[in-house]
Structure formats: structure tokens, C-alpha cells
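An overview of the molecular structure
What follows is each chain in one-letter form.
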Amino acid sequence: MKKKIAVGLTAGLLLLGNISVAQATTLSITNVDGDWANQNPASIVVQNDIGVGGNLSTARWGTGSWPSYQQSGYDFETDTTPFDVQSDGSMFSLGTFSHLNYPITGTTLDSIDLLLSLNIAGVVTSVTATFSIDHEETSNSGPHPDDIVTIMNPIVNEFFTVDGKEYYFNLFGFSQDYGQTLSTVFNTKEGKLNEATLYARITEAPINEVPEPATMLLFGTGLAGVAAFSRKKVLK
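Within each chain, residues carry numbers counting from 1 in the order of the written sequence. Per-residue local features are limited, in this predicted model, to residues with pLDDT of at least 70; the limit for side-chain atom pairs, both in listing and counting, is 80 or more; totals at the level of whole chains, interfaces and linings are taken over all residues. Here the side-chain values reflect all heavy atoms present in the structure, with hydrogen atoms and water set aside.

Describing the overall build of the chain
By definition, any uninterrupted DSSP run of H or I lasting at least four residues is a helix, any uninterrupted run of E lasting at least two residues is a strand, and each is numbered from the N terminus. Per the secondary structure count, the chain includes 0 helices and 15 strands. Looking at the chain residue by residue over its 236 residues, the buried ones come to 48%. Accessible surface area values rest on a Shrake-Rupley calculation with a 1.4 Å probe, where residue burial reflects the displayed protein chains alone. Of the roughly 10,700 Å² of accessible surface on the chain, a fraction of 53% belongs to carbon and sulfur atoms. The buried label applies to any residue whose accessible area, calculated with a 1.4 Å probe on protein chains only, is under 20% of its type's maximum; exposed applies above 50%, and partly exposed to all values in between.

Printed below as a string of C-alpha cells:
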């Protein structure tokens, strides 16, 4: 599959507008939900709101091959709630995104949407936004054998109000070092499980489109298989 990889983001290059930290409002996130949808091709198997507390959503594809005989896929496990966030654009974690990149045959993922929904105290309806993810499944050979995951539209400026005050919801991107560095794109080595925390922010003004910095790729952690990974049990 030949695709042009979208350019990554870094937190220092985001244009947040004229937002005063002193005037930031504390908002309470009472629930986070993340569902997979609009998978391409449609034969990709999606299961949403499963696991302990219904906080895990999965997408799986392909027929597992030697040596793991496991399917490739995505997981998204939301963080426990409630928690408080600030409206000054400070980042907060939504959950853990996992990419399972195992040798497979047959169907591979092209693209999929992550539907994020936040329940916020004082907001009657959920704040929802759709983020499109591009997947590049490589042939596992040549100079760039790693599979690539890219968030195509982190800036959506999803609008909502609390007590008549306007707010906007957007993504920062992936991080594997507790938010020290952030990116909308990372890659995973063949036969590995790769994890990253997905960070977001809420601001009191729309975020402008960002300039294009150099691409930053985050690499797989080297875990050999799902069986070796002890998933945290989290309740919403």
C-alpha cells in the first residue's frame, strides 16, 4: 500500500490562540468513550465497549501467520473517570492506543475512524468528535518495513458550552513518554505490540491549523506478543 504519510505534530508548534492561563476554567470529565467505526475494508472485525467496565474497543484483521499466529489490530482502552481538566489547552490523557503488528495473510486495514465521546459536567449532551486514522501496512521488507499509524485530523475544534461559556475540544496526539513528546504518527516493527497514550486538550478559543514540522515517528516497544502483555483492568 503506497500512501503519503501525514506530517506529525509537536506540542510546541501548536497555535492555541490568545488563552490566558489565569482565566482557565476547571471542567470535570465524567466519562470517556472511544469506538471504532467506518473501517475500510468493511470486513475488519470491530468490537466496541467490551472488557472490564466496557472501556475497551478493538479492531482485528488478517489471518495470523508463524510464529505468533495472531491477528493484527488496534485496541483503544479509555482512562478511568471522573477527572478534572483545565480549559487553557493543558493536555490530558484519554486512554491507551495499542497497535498489534503481527505477521498475517489476507485482509489488511486501510483506514478507520475513532469516535470519541466525552461526558462533561454541566453539558447536557456528550461532546463527540470523529478522528480519522490512516494505516499503512508494509511488505515487511526493504528500508522501511514498519507499519505506520497516522491521525489525519487532530484539529476539529469540536464546540460545546458550559454555563454559557464556549469551549473547543481537539487532540494533541500520541505520546510514549507521558506527554514529553507528542506526534500524530508512529510506526510499529513487525511482530511487535506498540502502545501510546492518546492526549487531548480543551481551549476557550478555536485552534488554528498548524504549520508542518518534521515528521516524528514513535517505534514499537518490542513486546513479543499479546500473551506477554498484562492489560490493566480499568473501570470507568
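Some details on the pairing of strand E6 (residues 83–86)
By the alternation rule, side chains of E6 split into Phe83 and Val85, which are all buried, and Asp84 and Gln86, of which none is buried. Only strands joined by at least two bridges in the DSSP assignment are considered to pair. Strand direction decides the pairing type here: strand E1 (residues 26–40) and E6, joined by 4 bridges, are antiparallel. Following the sheet pairing, serine 28 is matched in E6 by aspartate 84.

A few points about the sheet that holds E1
Hydrogen bonds between backbone atoms are what pair the strands of a sheet, whose relative direction is either parallel or antiparallel. Read from one edge of the open sheet, 6 strands run E6-E1-E9-E10-E11-E14, paired in antiparallel fashion. With partners counted over all chains shown, the strands left at the sheet margins are E6 and strand E14 (185–188), one partner each. Taken over all neighbouring pairs, the strand axes of this sheet differ in orientation by 35° on average, direction set aside. Pairing analysis gives 4 bridges linking strand E10 (residues 127–136) to strand E11 (residues 147–151), with the strands arranged antiparallel. Within E11, the residue paired with isoleucine 133 across the bridge is isoleucine 151. Here the axes come from fitting lines to C-alpha atoms, over the contacting stretch only for helices, and the angles between their N-to-C directions go from 0 to 180 degrees.

A word on empty space enclosed by the protein
The pocket and cavity definitions rest on a 1 Å grid over protein atoms only: a 1.4 Å probe that fits but cannot leave marks a cavity, an open set with protein on both sides within 12 Å along at least five of seven lines marks a pocket, and residues lining either have an atom within 4 Å of a point. Grid points are joined across faces, edges and corners, and a volume is the space filled by probe spheres set on the points. Tallying each qualifying case throughout the model produces 1 cavity of 30 Å³ or more. In this structure, the largest cavity encloses a volume near 40 Å³. Surrounding the largest cavity, Phe97, Leu114, Phe131, Ile133, Ile151, Leu171, Phe174 and Leu198 form its lining. Elements with a contribution of two residues or more to the lining of the largest cavity: E10 and strand E13 (165–175). Across the lining of the largest cavity, the residue classes tally to 8 nonpolar, no polar and no charged. Polar here means any residue other than Ala, Val, Leu, Ile, Met, Phe, Trp, Tyr, Cys and Pro, which are nonpolar, and Asp, Glu, Lys and Arg, which are charged; Gly is therefore polar.

Comments concerning the sheet that holds E13
Pairing is antiparallel in the open sheet, where 7 strands are placed in the order E2-E3-E5-E7-E15-E13-E12. With partners counted over all chains shown, the strands left at the sheet margins are strand E2 (45–50) and strand E12 (158–162), one partner each. Strand after strand, the sheet turns through a mean of 20° between neighbouring axes, direction not considered. Two elements, strand E7 (residues 92–101) and strand E15 (residues 192–203), share 9 bridges in a ladder whose sense is antiparallel. Of the residues in E15, the one forming a bridge with serine 93 is tyrosine 199.

Describing the pattern of salt bridges
It is possible for side chains of opposite charge to pair when their charged atoms get near one another. Salt bridge, as used here, is a side-chain nitrogen of Lys or Arg placed within 4 Å of a carboxyl oxygen of Asp or Glu. Counting across every chain of the model gives 3 salt bridges. The partner of aspartate 75 in a salt bridge is arginine 60, with the nearest N and O atoms 2.8 Å apart. In this pair, aspartate 75 is assigned in strand E5 (residues 72–78) and arginine 60 in strand E3 (residues 56–61), connecting sequence segments 15 residues apart. Classification of aspartate 75 by relative accessible area gives buried; the value is 5%. We note a salt bridge from aspartate 146 to lysine 189, for which the minimum N-O separation is 4.0 Å. One end of the pair, aspartate 146, is in the loop between E10 and E11; the other, lysine 189, is in the loop between E14 and E15, and 43 residues separate them in sequence. By relative accessible area, lysine 189 is classed as partly exposed at 37%.

Observations concerning the environment of isoleucine 151
Positionally, isoleucine 151 belongs in strand E11. The contact rule is simple, with two residues in contact once any of their heavy atoms fall within 4.5 Å. Ignoring any residue separated from it by four or fewer positions in sequence, one finds isoleucine 151 in contact with Ser132, Leu171, Gly173, Phe174, Thr184 and Leu198.

Describing the environment of isoleucine 133
Its location among the elements puts isoleucine 133 in strand E10. Sequence spacing of isoleucine 133 and valine 185 is 52 residues, and the spatial spacing of their C-alpha atoms is 9.5 Å.

In short, the description is geometric, and any link to function would need to be established separately.
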